[in-house]
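As a plain string of letters, each chain reads:
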Amino acid sequence: MIVPMPVLPELEPLLARIRASGAPDHGTPVAERREQVHAGIDMQQAHMVEPVPAAPYADHRVRVSGGEITVRVYRPQVEGTVGCHLFVHGGGFWMGTLDQSDLACSRLVNQVGCAVASVDHRWAPEQRFPVPAEDCYAALGWVAGSAAELGLDPGRISVGGVSSGANLAAATTLMA
């Protein structure tokens with residue numbers, strides 16, 4: 001006998017919208033589906049994530065093979081150099097945004113006291129593997145190379161991520 005598991009009450013509205021929307025139309029372009037999913041994530045995140053004091057950040061454009069990506073650097077408000085954590089967002093390799101990672105990155109800055117560099121790697125299927133891993137590796141190189149101007153200690157850089165971002169973080173560390 002299968003016993004259904006209880007669902008968190010705050011997830012019920014999201015699950016109801018998913019059930020009501022039905023199966024995705026396979027003719028819908030990936031970019032349009034991504035936009036729809038991002039809108040749903042943003043709406044849900046606004047209702048269920050515990051507020052965190054926002055850490056100040058600056059967006060930096062970083063050249064990568066075949067284009068540019070954004071690396072968002074959050075910095076604690078302390079004097080002197082600090083360590084840095086390179087954060088790679090999740091999203092199944094085909095979605096996920098810097099803005100959706102703001103709370104997680106601010107939480108790291110506030111609780112750990114390090115800077116966080118969040119990588120806006122390019123998505124599949126438009127960019128096939130290994131492009132996202134190469135983007136993350138380029139971001140790591142940029143962070144290390146820009147450490148002095150960012151007030152970072154180049155000897156204290158960690159790399160991590162969430163879900164598919166953890167996969168890209170592992171690939172990045174192997175590449176380094």
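On a predicted model such as this, the values are computed, not experimentally measured, just so you know. (Residues numbered from 1 in each chain as written. Predicted model: local features only at pLDDT ≥ 70, side-chain atom pairs only at ≥ 80, totals over all residues. Heavy atoms only, no water.)

S.K.: Please clarify how the pattern of salt bridges should be interpreted in this entry.
M.R.: Note on pairing: side chains with opposite charge can pair once their charged atoms come close. Overall, the coordinates contain seven salt bridges when judged by the stated rule. The partner of Arg-61 in a salt bridge is Glu-68, and the shortest N-O contact between them spans 3.2 Å. The salt bridge partner of Asp-99 is Arg-72, with a shortest N-O separation of 2.9 Å. Taken together, the residues span a long stretch of sequence, with Asp-99 in the loop between β3 (82-88) and α3 (102-112) and Arg-72 in strand β2 (residues 67-74) at a distance of 27 residues. The class for Arg-72 is buried, based on a relative accessible area of 6%. (Salt bridge = Lys/Arg side-chain N within 4 Å of Asp/Glu carboxyl O. Helix = DSSP H or I, 4+ residues; strand = E, 2+ residues; numbered from the N terminus. Buried < 20%, exposed > 50% of the residue type's maximum accessible area, 1.4 Å probe, protein only.)

S.K.: How do you make sense of the sheet that holds strand β5 (residues 152-161) when you look at a structure like this?
M.R.: Working definition: the strands of a sheet are paired by backbone hydrogen bonds and lie parallel or antiparallel to each other. Read from one edge of the open sheet, five strands run β1-β2-β4-β3-β5, paired in mixed fashion. On the outer flanks of this sheet lie β1 (57-64) and β5, each paired with one strand and no other. Across the sheet, the axes of successive neighbouring strands diverge by a mean angle of 25°, strand direction being ignored. Where β3 and β5 come together, six bridges link them in parallel fashion. The residue of β5 that forms the bridge with Cys-84 is Ile-157. Of the strands in this sheet, β1, β2, β3 and β4 (115-120) touch α3, which is tilted by about 45° from β2. Helix α6 (residues 164-175) rests against β3 and β5 of the sheet, and its axis sits at about 135° to β5. (Pairing = 2+ DSSP bridges. Axes fitted to C-alpha atoms, helices over the stretch in contact; angles between N-to-C directions. Contact = heavy atoms within 4.5 Å.)

S.K.: Explanation requested: the pairing of β2 in the structure shown.
M.R.: In the case of a regular strand, side chains alternate between the two sheet surfaces. Buried residues dominate β2, accounting for seven of its eight residues. Turn length for the β1-β2 hairpin, with the two strands adjacent in sequence and antiparallel, is two residues, and the turn residue Gly-66 shows positive phi of about 85°. When β2 meets β4, the two strands line up antiparallel, connected through five bridges. Paired with Val-73 across the strands is Ala-117, a residue of β4.

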